[in-house]
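Structure assessment
Take a look at the letters that make up each chain.
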Amino acid sequence: MKHSHRTIPLLAAALAAFAAQSLSGQAVCSFSISMVNHNRYAYDTAEECSCCHSIPFGNWGVSSNVGSKQDTNQFQGWSGSCSQVKVQWNSCSREYVKPDLDCRRLNFPDPAGQVPYPGNGYPFTDSYGHNNSVPIAGGTHTCVDQYSPCGPNVYGTVGSHVGVSAIQDWDGDNIMDTGGCKDLDGYQIGVQQNFMTVYELDWEGDDLINSLYFPTVWVTLRCTPETCLALNDNNFDGWLDDIHNRGSSEYVQPYLYQDNHGRISYATDSGVLAKRIDATIRIGRVSGYYSGPYPPGYCGNPSGEEQCINQGWPYQWDSTACVCRCQGSPSICPPE
Amino acid sequence: MPSKIRTKSSLAALLFVATVAAMPMDMTAQPSSLPGGKITGRLLDRDTRKPLAGEVGASFVANGRIIFKHAQATAGGEFVLDGVEAEKVYLTTKLDGYAVEHESVALRSGETKTLELALVKPTPLRGRVRNTAGRPLAGATVRVIYPSDAPERGEIRTTYQWETGETATDARGGFVIQVHPEKAFVVEASHPDFLRAVSAPGQVKALGQETAVDLTLESGVTLAGIVKDGEGNAIQGAEVRLIETGARRATPGFVSHALLEQQLRLASSGADGAFRFDQVSHTTKMVVIIHPRYKPFRQAVNVNRDKAQSPFNAVLEPQN
């Protein structure tokens, strides 16, 4: 079936008109909220140890309450530069002699003693004997486990539209004074039922490594009529300012682990048998933007607004897009 | 428009599927003895009616908080969301191999509501991202945005990463995203070295499975400046807003967070009073600078496509 070129803009216009009916003029503050993990460690991996996988290193992905697993940088490891995509882990650490004297297959604790231990009682809060006698800091005979030096990783992002009051400019200085995102100033964002299920990603099917369950994480909003940022974002880039501080109290530890055999251990259980890896999480990035409608005179194009109003129906000035729109049916409106 | 959709279909088909997509689901209400409200439900395949062990995200606004909850369905497809404090809750499904469905649920305190969420298989949408010279752009981030009904004041609508199908273009600028076959969508593309772009609206079921979305990304310009007081001293920590006041790229009915971020840029002046915005679009802007010890500064800037931008110098007057 062939269609004329006219079909495409007509269809697009009809779709836009349909969609516009469902967002007609309601003021909305639109958010993007990203969760990050940090302090990533691995103690016991046994994925891809079979005959056909000569190289044990692989990329890991995360399925969670805020995202699905992707073959990107959701849970970076340590094999390779942190600036590259897919920094890998040794997915079969169980097969290697410990300590790994040249630290090429395992990398933690590091010989220089620079990398801090996990903040939850390492090495005595897991079920593995191989790390019980690691030195407190540095030296030889150290590399028995793995850690990632690559800093915080975004593992899921939530987009939300929250209904707010219309934005207002009371003194006519074109700097908005009330309404909009400011309705949400001081609100807290809470992400509950947090979990990360970490997989070794593979063409032949992904291998589940460990599920980590976390308590609720919070962030407080600081909002103007046009934007919302987190209270602790003083350079306005959306990122929480202490996001790279691995010791920040905003990072929370897992309270529960579930391994690839379905075994469950609380972090307070003796031996924490189901623990194979560790990580901390928090809300890492928050940005909210008012998405209209704006009051008359907002756009820096007063003559365009006036001309549009003078044209009358079906033309209406769209102060959110700062353009004159034809609001009639596709038969009377030319395609945009 | 920097985007193009190749289509094969009819408007009638589109309106039909839009009507079907808007059909409400069966819900029954009963009293609950638990504090807050409770939602119980079942996920199932719309075609086979088989239960699905998926997941459900719930979001709501209540008592000065924006809350995101989550529940895992059993093998029988049953899920429970407990302790829901809000009157209006927005649900989002999650299951690999199925398109996302949403449901708004009104809930009174102590009430339990039961519902079914029927899922359909997604359809692959292919496309390509290029620069204005027609060369393919690898590594561009591409995601799909669907329209949502407008939330009333205090209500929320939520989209998770698994719904937008966020992915990166390959070496040939190509991408494949699984999209809902019955919903209208736009495709948003972004790349650190280019301005963001959004396609015209489309819908796979109406347009046909051979639909392809091509997006072209333009380069922006850099706008840098310095904030000083009347005596020439640098002012650190001023909030600098760069607001698009000329024609904005927006598609009615769809909210692109990437475009919103591009239309209102924020920066903070450094110790030397300097600020900088990269990838600024070629349209009229307003620079607004705010610092608690100075009067707000506001000046229009016309960003020219063909000319390098001169450094922008702002002199702030102290508050009286």
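Residues numbered from 1 in each chain as written. Chains lettered and ligands numbered in written order. Predicted model: local features only at pLDDT ≥ 70, side-chain atom pairs only at ≥ 80, totals over all residues.

A short note on the overall build of chain A
Quick note on the threshold: Secondary structure follows DSSP: runs of H or I at least 4 residues long count as helices, runs of E at least 2 residues long count as strands, and numbering of each begins at the N terminus. Our exposure labels follow a C-beta count within 10 Å of each residue's own C-beta, placed from the backbone: buried means 20 or more other C-beta atoms, exposed means 12 or fewer, and partly exposed covers the counts in between. Note that contacts rest on C-beta atoms placed from the backbone: two residues are in contact if these are within 7 Å.
Looking only at helices and strands, one finds two helices and 16 strands in chain A. Expressed as a percentage of the 336 residues in chain A, the buried residues total 44%. Once local pairs closer than 6 in sequence are excluded, the contacts in chain A between residues at least 24 apart make up 70%.

Comments concerning the domain arrangement of chain A
Quick reminder of the rule: Segmentation of the chain into domains, including their bounds, is taken from an automatic or database domain assignment.
Structurally, chain A comprises domain 1 (28–290) and domain 2 (300–325). Its C-alpha centre places domain 1 of chain A at a distance of 47 Å from the equivalent point of domain 2 of chain A.

Some words on the interface of chain B and chain A
Filter applied, for reference: Residue polarity is assigned by list, with Asp, Glu, Lys and Arg as charged and Ala, Val, Leu, Ile, Met, Phe, Trp, Tyr, Cys and Pro as nonpolar; anything else, Gly included, falls into the polar class.
Listed as interface residues are 62 residues of chain B and, on the opposing side, 58 residues of chain A. Tallying contributions element by element places strand β5 (residues 65–72) of chain B first for the side of chain B that touches chain A, with six residues. The residue inventory of the side of chain B that touches chain A, partitioned by class, reads 30 nonpolar, 19 polar and 13 charged.

As for unusual backbone geometry
Residue and element names in this part refer to chain A. Each neighbour pair has its own omega, and for Y122 with P123 the value is 5 degrees, a cis peptide bond. Notably, N39 is not glycine yet its phi reads approximately 50 degrees, a positive angle. A positive phi is found at Q193, a non-glycine position, where the angle reads about 50 degrees. With respect to the element layout, Q193 can be found in the loop between β7 (188–191) and β8 (194–200).

A few points about the sheet that holds strand β23 (residues 297–302) of chain B
Residues and elements named next belong to chain B. Inclusion rule: When DSSP finds two or more bridges between a pair of strands, those strands are recorded as paired. Note on method: axes are straight lines fitted to C-alpha atoms, helices fitted across the in-contact stretch only, with angles between N-to-C directions ranging 0 to 180 degrees.
The four strands are arranged β20-β19-β22-β23 in an open sheet whose pairing can be described as antiparallel. The open sheet has two edge strands, β20 (264–268) and β23, and neither has a second partner. Looking at each pair of strands side by side, their axes are set apart by 20 degrees on average, direction ignored. As defined by bridge partners, strand β19 (residues 239–244) adjoins β20 across five bridges and the pair is classed as antiparallel. Bridge pairing links R241 to L266 in β20.

Thoughts on the environment of A171 of chain B
Residues and elements named next belong to chain B. Turning to its location among the elements, A171 is positioned in the loop between β13 (167–168) and β14 (174–179). A tally of 9 C-beta atoms within 10 Å means that A171 is categorised as exposed. Taking the C-alpha atoms as reference points, A171 and A106, separated by 65 residues in sequence, lie 47 Å from one another.

Considerations on the environment of G270 of chain B
Note on placement: G270 of chain B falls in the loop between β20 and β21 (274–280). C-alpha separation for the pair G270 of chain B and V227 of chain B, spaced 43 residues apart in sequence, amounts to 9.1 Å.

Overview of the sheet that holds strand β18 (residues 221–229) of chain B
Residue and element names in this part refer to chain B. Taken together, the three strands give an open sheet; going across it, the order is β21-β18-β24, and neighbouring strands pair in mixed fashion. Where the open sheet ends on each side, the last strands, each with one partner, are β21 and β24 (312–316). On average, each strand axis in the sheet is inclined to that of its neighbour by 20 degrees, with strand direction left out of account. When β18 meets β24, the two strands line up parallel, connected through five bridges.

Notes on the domain arrangement of chain B
Residue and element names in this part refer to chain B. Partitioning chain B into structural domains gives domain 1 (13–119), domain 2 (123–217) and domain 3 (221–316). Taken together, the contact pairs 16 residues of domain 1 with 15 residues of domain 2. Those elements that provide at least two residues to the side of domain 1 that touches domain 2 are α1 (11–21), β4 (55–62) and β7 (88–94). Of the residues belonging to the side of domain 1 that touches domain 2, the class tally is 11 nonpolar, three polar and two charged.

Notes on the confidence of the model for chain A
In plain terms, the rule: Every residue is assigned a pLDDT by the predictor, reflecting its confidence on a scale from 0 to 100.
Per-residue confidence for chain A averages 87 on the pLDDT scale, and 90% of its residues sit at or above 70. Predicted confidence for residues 1–24 of chain A stays below pLDDT 50, and this span has 47 contacts to residues more than four positions away or in other chains.

Structural notes on the pairing of strand β10 (residues 123–131) of chain B
Residue and element names in this part refer to chain B. For β10 and β14, the ladder comprises six bridges, and the chain directions are antiparallel. Residue pairing for β14: G127 is matched across the bridge by F175. Two elements, β10 and strand β17 (residues 212–217), share six bridges in a ladder whose sense is parallel. Each bridged residue has a counterpart across the sheet, and for R130 the counterpart in β17 is T216.

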